[in-house]
Amino acid sequence: MRLLDVEVRDFRGLKGPVRVTFARGPNVVHGMNETGKTTLCEAISAALFGLPRGKVAGQKARDLRRPRSGAPFAVGLDVRFSGKRWTVDRDLEAGTLRVVDRDSGNDVTRDFLRPSGRDVVGERATGLTEPLFRTTAYVAQNVLDRDELDSTLTVELARIADSGGGEAS
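Below is a summary of the structure that appears in this document. This one's a predicted model, so the numbers in the text were calculated from it and none came from an experiment.

Structural notes on the overall build of the protein chain
Okay, step 1: Tallying secondary structure elements over the protein chain gives five helices and five strands in all.
Okay, step 2: N-terminal to C-terminal, the α/β element order of the protein chain is β-β-α-α-β-β-β-α-α-α.
Okay, step 3: When contacts within the protein chain are restricted to residue pairs at least 6 apart in sequence, those whose partners lie at least 24 apart make up 50%.
Okay, step 4: As displayed, the protein chain has an accessible area near 10,500 Å², and 50% of this comes from carbon and sulfur atoms.

Some points on the packing of aromatic side chains
Okay, step 1: Within this structure, the stated rule accounts for four aromatic pairs.
Okay, step 2: With a centroid separation of 6.4 Å and 80° between ring planes, the pair formed by phenylalanine 81 and phenylalanine 112 is classed as edge-to-face. With phenylalanine 81 in strand β3 (residues 74-81) and phenylalanine 112 in the loop between β5 (96-101) and α3 (121-126), the pair connects residues that are 31 residues apart, well separated along the chain. When sorted by exposure, phenylalanine 81 lands in the same class as phenylalanine 112, which is buried.
Okay, step 3: Between tryptophan 86 and phenylalanine 112 the ring centres are 5.3 Å apart and the planes differ by 85°, which places this aromatic pair in the edge-to-face class. Taken together, the residues span a long stretch of sequence, with tryptophan 86 in strand β4 (residues 84-91) and phenylalanine 112 in the loop between β5 and α3 at a distance of 26 residues.

A few points about the sheet that holds β4
Okay, step 1: Strand order in this open sheet of five strands is β2-β1-β3-β4-β5, and the pairing throughout is antiparallel. Strands at the two margins of the open sheet, each flanked by one partner only, are β2 (14-21) and β5. Strand-to-strand twist in this sheet, taken as the mean axis angle between neighbours without regard to direction, amounts to 10°.
Okay, step 2: Packed onto the sheet, helix α1 (residues 37-49) meets β1 (2-11), β2, β3 and β4 and runs at close to 105° relative to β1.

Some words on the pairing of β2
Look at any regular strand and the pattern is simple: side chains alternate between the two faces of the sheet.
Okay, step 1: For β1 and β2, the ladder comprises six bridges, and the chain directions are antiparallel. By the bridge assignment, aspartate 10 is partnered in β2 with lysine 15.
Okay, step 2: What sits between β1 and β2 in their antiparallel hairpin is a turn of two residues, with arginine 12 showing a positive phi close to 50°.

Points about the environment of glycine 25
Okay, step 1: Position of glycine 25 among the secondary structure elements: in the loop between β2 and α1.
Okay, step 2: Sequence separation between glycine 25 and leucine 3 is 22 residues, and the spatial gap between their C-alpha atoms is 9.9 Å.

Quick notes on the nonpolar core
Okay, step 1: Of all hydrophobic cores here, the largest spans 33 residues; its most connected members are Val6, Val8, Ile44, Leu48, Leu77 and Phe112.
Okay, step 2: Here this core gets seven residues from one element, more than from any other, and that element is α1.
Okay, step 3: In this structure isoleucine 44 touches Leu3, Val6, Phe22 and Leu77, once residues within four positions along its chain are discounted.

Digging into the environment of arginine 80
Okay, step 1: Note on placement: arginine 80 falls in strand β3.
Okay, step 2: Spatially, the C-alpha atom of arginine 80 lies 5.1 Å from that of arginine 2, the residues being 78 residues apart in sequence.
Okay, step 3: Residues contacting arginine 80, with those up to four places away along its chain left out, are Met1, Arg2, Leu4 and Arg85.

Some details on the pattern of salt bridges
Once the charged atoms of two side chains with opposite charge are near each other, the side chains can pair.
Okay, step 1: One pass over the full model with this rule turns up ten salt bridges.
Okay, step 2: The residue aspartate 119 makes a salt bridge to arginine 90 at a minimum N-O spacing of 2.8 Å. Of the two residues, aspartate 119 sits in the loop between β5 and α3 while arginine 90 sits in strand β4, which places them 29 residues apart along the sequence. No difference in accessibility class separates aspartate 119 from arginine 90, as the two residues are buried.
Okay, step 3: The structure contains a network of salt bridges with shared partners spanning Asp5, Glu7, Arg19, Asp78 and Arg102.

Notes on the side chain of aspartate 78
Okay, step 1: Residue position: aspartate 78 is located in strand β3.
Okay, step 2: Among the polar contacts listed, one links the side chain of aspartate 78 to the side chain of arginine 19, at a separation of 3.3 Å.
Okay, step 3: Apart from the residues lying within four places of it in its own chain, the contact partners of aspartate 78 are Leu3, Leu4, Asp5, Arg19, Trp86, Thr87 and Arg102.

How each quantity is defined
Residues numbered from 1 in each chain as written. Predicted model: local features only at pLDDT ≥ 70, side-chain atom pairs only at ≥ 80, totals over all residues. Heavy atoms only, no water. Helix = DSSP H or I, 4+ residues; strand = E, 2+ residues; numbered from the N terminus. Contact = heavy atoms within 4.5 Å. Areas by Shrake-Rupley, 256 points an atom, 1.4 Å probe, with all protein chains shown as cover. Phe/Tyr/Trp six-rings, centres within 6.5 Å; stacked < 30°, edge-to-face > 60°. Buried < 20%, exposed > 50% of the residue type's maximum accessible area, 1.4 Å probe, protein only. Pairing = 2+ DSSP bridges. Axes fitted to C-alpha atoms, helices over the stretch in contact; angles between N-to-C directions. Core = buried A, V, L, I, M, F, W, Y, C linked by side-chain atoms within 4.5 Å. Salt bridge = Lys/Arg side-chain N within 4 Å of Asp/Glu carboxyl O. Polar contact = N/O pair within 3.5 Å; in protein donor to acceptor, adjacent residues only side chain to side chain.

Right, here's the structure in full:
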């Protein structure tokens, strides 16, 4: 997956729209404390995988990430995977998803839905489960202080390398 653009309309402390365009290759988001770096990463994760479900977990996740202004919150991504460009839009307040094939302009949301109602956008785009993506997609605050790799990450990287599915680094 290659992340092209992220547009956060309202998410936690980010007042939208905030649009970030990513360059080809590795990208580093850096800045002073409390400027929204981790919040941006959380917004990307929420766009790909949604927020946790369930009455208690889902409500807590929404409350923690809801814009401080009280505005409805949503996030959109433009990504490239499976040889195509896709736009992924999530209204996190309503819990809705829209996926558009940017090459054809067709709404293909239905192709990403499971019978249970949960979608597979994140898994298809990244090739990773949600917990694994959340532990490997970005380095959260203070993680480098631990100086260790999670065993799940090590096993998954080895699986990816063995399957020929990509580089493990």
